[in-house]
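Descriptive structure summary
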Amino acid sequence: MTSIALSAYRAPELRLPRLLAGVSYHHLTGLSEHEQLYGPLPLPAVSPRQGRTWRQQPSRLIEVVERSGLTGRGGAGFPAGRKMRSVAAARGRAVVVANGAESEPASCKDRLLLTRAPHLVLDGITLAAYAVGADEAHLVVHGNEAELMDSLEDAAADREALGVDPVPIQITGIPGRYVSSEQSSIIQYLNGGPAKPTFSPPRPHERGVRGRPTLVNNVETLAHLALIARYGDGWFRGIGPPAEPGSALITVGGAVNRPGVYEIEMGTPISQVVTLAGGLSERLQAVLVGGYFGAWLPADLAWPVPMTHPDLRAVGGAMGAGMVTALPISSCALAETARVVSYLTEESAGQCGPCMFGLPALADALIELAYEGGWGRTVRTIAALLPLIEQRGACRHPDGVTQLVRSALTTFAADARWHDQHGPCYGVSRAPLLPVPADEEREWGWT
Amino acid sequence: MAGMRAAGPDVSYRLRVNPIACTGHGVCAELLPEVIELDPWGYPILLSPDVPASVLDHARRAVDACPTLALLMEDVTGPQG
């Protein structure tokens with residue numbers, strides 16, 4: 001057994017942790033423990049007197065989510081309530097898809113939730129299905145993560161035995177590719193096709209799984225929903241800035257003493273997020289925010305920035321799915337960027353010309369600049385490639401890559417010039433910092 | 001010019017490329033060089049998504065000629081139009 005902070009159910013105070021209240025390192029919070037911690041699922045069928053905050057009507061639940069100010073935690077930061085409302089309003093029976101396919105190598109917050117507190121996510125799926133009137137619900141993860149699939153099947157079976165979920169939740173494994181977790185990829189896969197992005201419109205909320213209006217939410221977003229439905233929008237807004245309230249799971253990595261997932265109050269400055277992770281283990285050069293579709297920020301610029309979508313965007317960064325990676329001065333940022341871009345290039349679905357041809361050209365030029373030096377022309381080559389790639393793909397993959405590269409050329413402009421004229425710096429021989437999956441761990445198919 | 005008849009001040013058309021369908025034949029750039037250029041790999045770059053009235057007929061021909069039906073022209077007439 002493990003030590004649990006809250007011994008019996010009670011409306012928790014406004015403080016942290018919220019999602020991670022029952023989480024300890026090697027322990028999965030089972031269904032009964034989950035209910036003890038947070039209270040029963042507030043659905044009419046399950047607990048008629050629960051859910052006082054939204055009076056047991058689907059439209060009321062959507063209203064509460066809208067008032068809570070919850071934003072999507074998968075990267076885009078779109079208002080969760082508005083998305084629900086458009087799915088609920090669309091013609092036809094809705095489908096709910098929970099996206100737990102965490103493709104980003106620099107993130108592990110979705111895996112943490114799914115392996116330690118799966119019932120928060122499963123509650124969220126059931127509540128979302130209730131809110132939008134869905135009669136079909138999927139939880140999608142990477143199929144090559146067998147242990148995760150098994151533990152989720154077990155959690156779903158526990159709930160089925162007790163009849164917790166009116167709409168059964170189907171656990172689906174999709175190919176473990178970077179772009180397979182893009183929402184149109186997931187929908188194409190659930191419709192029997194390859195897990196590759198599709199051309200839009202139609203968007204999922206209009207026509208998704210089998211042509212039906214489909215709500216696709218990140219699993220962390222749904223876990224927040226599970227708590228908002230229990231404790232209300234006022235509780236949710238009790239922490240964090242009014243524009244983007246609540247808490248968020250942040251994966252902190254790189255040159256910090258205790259890398260890992262931390263639940264923060266929205267708007268916590270990056271400096272404090274690093275402190276939570278045990279502080280810096282080396283002198284800081286720069287911070288990568290928002291993961292591989294995010295941006296590099298110079299250390300002094302990044303340090304005071306509050307972690308919200310608008311604050312990070314204002315300084316040229318991105319919140320993404322909540323990643324903070326500290327780059328020490330001993331690392332070569334160009335080598336790190338080149339390795340990541342090479343990985344992302346291999347992960348392209350190869351459907352759109354500019355991505356299929358532009359990304360390899362970009363990756364080659366970056367590798368040359370980082371590891372060989374550029375004879376004074378490679379930076380120009382890279383800068384000329386970017387506009388040929390941007391905004392020309394069906395999905396955000398090519399634009400995510402160019403955003404990362406642009407931020408590298410800005411933040412490390414002096415380094416780039418030095419590499420271009422004199423050859424690689426000492427930092428290129430340092431062990432890689434940013435995680436990229438090893439070839440043997442990767443999946444190469446799409447079906 | 002023939003193109004003038006359809007595109008008054010309240011009617012406008014916008015081009016889009018379906019990048020998944022497009023395989024870089026380049027027919028569109030040949031038929032509509034005013035609006036479409038090819039990138040180094042032979043895929044179309046729209047210089048401006050809006051179709052000037054003067055080349056509307058050429059744009060229609062380019063849309064019809066695309067072997068993969070990847071060039072789309074959408075009516076973006078405003079609500080007052």
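Residues numbered from 1 in each chain as written. Chains lettered and ligands numbered in written order. Predicted model: local features only at pLDDT ≥ 70, side-chain atom pairs only at ≥ 80, totals over all residues.

**Looking at the overall build of chain A**
Note the cut-off: A helix here means a DSSP run of H or I that spans at least four residues, while a strand means a run of E at least two residues long, and both kinds are numbered starting from the N terminus. For this measure, only C-alpha atoms enter the radius of gyration; the expected value for a globule follows 2.2 Å times N^0.38, where N is the number of residues. Think of it as a crowd count around each C-beta: if 20 or more other C-beta atoms lie within 10 Å the residue is buried, if 12 or fewer it is exposed, and in between it is partly exposed, with C-beta placed from the backbone throughout. This entry defines residue contacts through backbone-placed C-beta atoms, with two residues in contact when those atoms are within 7 Å.
Across its full length, chain A carries 17 helices and nine strands. Taking 447 residues into account, the globule formula puts the C-alpha radius of gyration at 22 Å, and chain A, at 22 Å, falls close to it. C-alpha extents for chain A along the principal axes are approximately 70 × 45 × 40 Å. Sorting the 447 residues of chain A into buried and exposed places 55% on the buried side. Long-range contacts, defined here as pairs at least 24 residues apart, represent 70% of the contacts in chain A between residues at least 6 apart.

**A word on the overall build of chain B**
Along the backbone of chain B there are two helices and four strands. Ordered by position in the sequence, the α and β elements of chain B form the string β-α-β-β-α-β. For chain B, the residues scored as buried account for 25% of the 81 residues in total. Partitioning the intrachain contacts of chain B with sequence separation of at least 6 by distance along the chain shows that 65% fall at a separation of at least 24.

**Focus on the sheet that holds strand 5 (residues 247–254) of chain A**
Residue and element names in this part refer to chain A. Applicable threshold: Two strands are counted as paired when DSSP detects at least two bridges linking them. Axis angles are defined between N-to-C directions and span 0 to 180 degrees, where every axis is a line fitted to C-alpha atoms and, for a helix, only to the segment in contact.
Ordered by their spatial adjacency, five strands build an open sheet running 6-5-9-7-8, and the pairing between neighbours is mixed. Of all the strands in the sheet, just strand 6 (260–265) and strand 8 (295–298) have a single pairing partner and so form its edges. When strand polarity is set aside, the average angle formed by the axes of neighbouring strands in this sheet is 30°. Note: strand 7 (residues 284–289) against strand 8, four bridges, orientation antiparallel.

**A few points about the nonpolar core**
Note the threshold: In these notes, a nonpolar core means any group of buried Ala, Val, Leu, Ile, Met, Phe, Trp, Tyr and Cys residues linked to one another through C-beta atoms within 7 Å.
Membership of the largest hydrophobic core comes to 139 residues, with the highest contact counts inside it found for V96(A), I125(A) and A128(A). With near-sequence residues (within four places) excluded, V96(A) lies in contact with I125(A), A128(A), A129(A), V132(A), A134(A), A137(A) and L215(A). Counting 17 residues, the second largest nonpolar core, distinct from the first, contains C28(B), V35(B), Y43(B) and V51(B).

**A word on the domain arrangement of chain A**
Residues and elements named next belong to chain A. We count it as follows: Here the bounds of each domain stem from an automatic or database domain assignment. Each residue gets one label: Ala, Val, Leu, Ile, Met, Phe, Trp, Tyr, Cys and Pro are nonpolar, Asp, Glu, Lys and Arg are charged, and the others, such as Gly, are polar.
Looking at the assigned domains, one finds that chain A contains domain 1 (31–236), domain 2 (247–328) and domain 3 (333–429). On a C-alpha basis, the centres of domain 1 and domain 3 stand 35 Å from each other. Counting from both sides, the interface comprises nine residues of domain 1 and, opposite them, seven residues of domain 3. For the side of domain 1 that touches domain 3, the per-class residue count stands at four nonpolar, two polar and three charged.

**Considering the interface of chain B and chain A**
The interface of chain B with chain A comprises nine residues on the first partner and ten residues on the second. Split into classes, the residues belonging to the side of chain B that touches chain A amount to six nonpolar, two polar and one charged.

**Comments concerning helix 3 (residues 80–89) of chain A**
Residues and elements named next belong to chain A. Put simply, the rule is: By definition, the arc is the one covered by directions from the helix axis to the C-beta atoms.
Taken as a whole, helix 3 has its buried residues at A80, G81, K83, M84 and V87. Down the axis, helix 3 shows its buried residues gathered within 160° of arc, on one side only. Taken together, the buried residues of helix 3 touch helix 2 (58–68), strand 1 (94–99), helix 5 (118–132), strand 4 (214–218) and helix 8 (219–231).

**Points about helix 2 of chain A**
Residues and elements named next belong to chain A. Of the positions making up helix 2, those classed as buried are L61, I62, V64, V65 and S68. Down the axis, helix 2 shows its buried residues gathered within 160° of arc, on one side only. Tucked inside the fold, the buried residues of helix 2 contact helix 3, helix 5, helix 8 and helix 9 (233–236).

**What to know about the packing of helix 14 (residues 353–372) of chain A against helix 15 (residues 378–389) of chain A**
All names here are of chain A. Using the following cut-off: Angle categories: roughly parallel below 35 degrees, roughly antiparallel above 145, roughly perpendicular from 65 to 115, and oblique for all the rest. Working rule for handedness: look at the near helix, and if it is turned counterclockwise from the far one by less than a right angle, call the crossing left-handed; if clockwise, right-handed.
Where helix 14 contacts helix 15, the two axes come as close as 10 Å, and the packing angle between them is 160°. Viewed along their axes, helix 14 and helix 15 adopt a mutual orientation that is roughly antiparallel. Crossing handedness for the pair helix 14 and helix 15: left-handed. Where helix 14 approaches helix 15, its residues P354, G358, L359, A361, L362, A365, L366, E368 and L369 are matched on the opposing element by T378, V379, T381, I382, L385, L388 and I389. Within the contact of helix 14 with helix 15, the residues separate by chemical class into twelve nonpolar, three polar and one charged.

**Some details on the pairing of strand 2 (residues 134–142) of chain A**
All names here are of chain A. Stated precisely, the cut-off is as follows: A crossover gets the label right-handed when its path from the first strand over the helix to the second runs clockwise, viewed with the strands pointing away from the viewer.
In terms of burial, strand 2 is a largely internal element, seven of the nine residues being buried. As defined by bridge partners, strand 2 adjoins strand 3 (residues 169–174) across six bridges and the pair is classed as parallel. In the sheet register, V141 faces strand 3, and the bridge partner there is G173. Crossover strand 2 to strand 3 through helix 6 (residues 146–162) is right-handed.

**Points about the sheet that holds strand 2 of chain A**
Residue and element names in this part refer to chain A. Strand order across the open sheet formed by four strands is 3-2-1-4, with parallel pairing between neighbours. Two strands bound the open sheet, and with one partner strand each, they are strand 3 and strand 4. This sheet shows a mean twist of 25° between the axes of neighbouring strands, independent of strand direction. Of the pairings in the sheet, the one linking strand 1 to strand 2 comprises five bridges and is parallel in character. Counted as the bridge partner of A98 is L139 from strand 2. Seen against the sheet, helix 6 touches strand 2 and strand 3 and runs at an angle of roughly 175° to strand 3. Each of strand 1 and strand 4 touches helix 8; the most contacted strand, strand 4, lies at about 95° to it.

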